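# Understanding the architecture of this molecule
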Amino acid sequence: MDEQIKRALISVVTFVLCSLVSVLLMDHASDSLLMSAEDRQGVEHARHVLAQLEQRWGRAVPADLDAHELQIAASMTAAPDAASFASVGGLATVKRELQLHVIVPLRRHRVFYASPALRPPPGVLLEGPPGTGKTMLARALATESNVPFVPLLLSTVENKYVGESQKLLRAVFSLATKLSPAIVFVDEIDGMMRQRSPLDSAHDYGLKTTFLQLLDQVRELPIITVAATNCAALLDPALRRRLPRAYRIDLPDAPGRRQILDGLTRDERRNAPAWLTEATGGFSGSALSELYHRASAARNEALAADSAFLDGIESADELHISLPAITDAQWEQALAAVPRFHNVVVQFLQLWRDAANPRIRHVQQPTALSCRRVVSGCARRGCINAVWVI
């Protein structure tokens, strides 16, 4: 009898010990077990990226990053960002304010975050039409501030396992906290933070609530959240309160277009012709970039038909090929193929909406003259709606 009791006790103790060991192992390895093979490759890539960024920033990267933080770090880039304020055409007033309210506080974060009176705004909203350089401006902020640029990608945060999306969302800000000072960038934030509704699913509602809570938690830390959107009117009001500074990034004016064109053609034999500045009215920055690439493609087509040029390439150093300048005819050919932003209804409504919104800065009050310029400008570019409004 005593032998049976002894064996039973040994079995119970063995079972309890095995259970405890299993629980500890599962708790330690749960993050790894939920990761796919692709995610594990991303973690290895993240470690490689962080090692390169450590050399770039000149400061140590914390080694105590968990699996979720490494997944977020995998979306960062180790290559030096070419974006800078010099590469962003126009927007002189916006860049000056961002210099004062974002760049200087992040560069001198020990001073500005030591006192509530000096603390900069915790968030910035960049709002404007597509292709006007909002993402490029956000990257330029990180480059000018010399701080990590942590992108919040909805494709990275979304996860099929219950609760994992919230963990990944928290990992974005915990990673930014460990790398602080830092900039967290949310592109197309209207895709995630539209106004909350009773029709939202529990997952979407919880994700929005978690994001708002995280913004409050890092409010006193040297972390600035920069968000970009084309549809600011769709954003949740609670988010707008947490992004107190909003800037309208509009289509570039004539001096801005000239600056963008000069930057695009800086490696050419001659800059873009002067007449192109006026001919590109209504073009966004990305449309001007597309215009240059199409004009360059037209030049390449002409060179591909020139046998003498092709023979010269064979004998020349490929790294030092002398290309002819883009001709006016090639610019005109590209100009006819690039679509313009000429929806007069969108421009007309945005003009009044932004002027009535005190949270969006640097928007002139609409006048009869400014409205007529919007309409007549679209009419000159062949917009049927503009002719109908006139």
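One can find the structure itself at the top, above this paragraph.
Residues numbered from 1 in each chain as written. Predicted model: local features only at pLDDT ≥ 70, side-chain atom pairs only at ≥ 80, totals over all residues. Heavy atoms only, no water.

### Some remarks on the overall build of the protein chain
For the protein chain, the helix and strand inventory stands at 18 helices and six strands. Counting all 390 residues of the protein chain, 41% fall into the buried class. Counting only contacts in the protein chain whose residues sit at least 6 apart along the sequence, the fraction spanning at least 24 positions is 77%. (Helix = DSSP H or I, 4+ residues; strand = E, 2+ residues; numbered from the N terminus. Buried < 20%, exposed > 50% of the residue type's maximum accessible area, 1.4 Å probe, protein only. Contact = heavy atoms within 4.5 Å.)

### Here we look at a nonpolar patch on the surface
Together, Val12, Val13, Phe15, Val16, Leu17 and Leu20 line one region of the surface with nonpolar side chains, adding up to about 580 Å² of accessible area. Assignment of secondary structure puts Val13 in helix α1 (residues 2–34). (Patch = residues over 30% accessible without salt bridge, like charges linked within 9 Å, V, L, I, M, F, W, Y side chains within 5 Å. Areas by Shrake-Rupley, 256 points an atom, 1.4 Å probe, with all protein chains shown as cover. Salt bridge = Lys/Arg side-chain N within 4 Å of Asp/Glu carboxyl O.)

### What about the packing of aromatic side chains?
Each pair of aromatic rings is reported with the distance of its centres and the angle of its planes. Applying the stated criterion to the full structure yields three aromatic pairs. With 6.4 Å between their ring centres and 35° between their planes, Tyr292 and Trp331 make a pair best called tilted. With a gap of 39 residues between them, Tyr292 in helix α13 (residues 285–304) and Trp331 in helix α15 (residues 328–337) connect regions that are remote in the sequence. The exposure classification of Tyr292 matches that of Trp331, with both residues buried. (Phe/Tyr/Trp six-rings, centres within 6.5 Å; stacked < 30°, edge-to-face > 60°.)

### Quick look at the pairing of strand β5 (residues 245–248)
Alternating residues of β5 divide into Arg245 and Tyr247 and Ala246 and Arg248, and every residue in both groups is buried. Here strand β1 (residues 123–127) runs beside β5; their pairing, made up of four bridges, is parallel. Bridge pairing links Leu126 to Tyr247 in β5. (Pairing = 2+ DSSP bridges.)

### So, the nonpolar core
Membership of the largest hydrophobic core comes to 44 residues, with the highest contact counts inside it found for Met76, Leu152, Phe173, Phe211 and Leu239. Mapped onto this core, the elements with two or more residues apiece are α2 (37–57), α3 (67–73), α8 (164–179), β3 (182–186), α9 (202–217), β4 (223–229) and α10 (237–242). In terms of residue count, the dominant contributor to this core is α8 (seven residues). With near-sequence residues (within four places) excluded, Leu152 lies in contact with Val157, Leu169, Val172, Phe173, Phe185, Val186, Met192 and Phe211. If you look at the next biggest cluster of nonpolar residues, it comprises 26 residues, including Leu91, Val94, Ile103 and Phe149. (Core = buried A, V, L, I, M, F, W, Y, C linked by side-chain atoms within 4.5 Å.)

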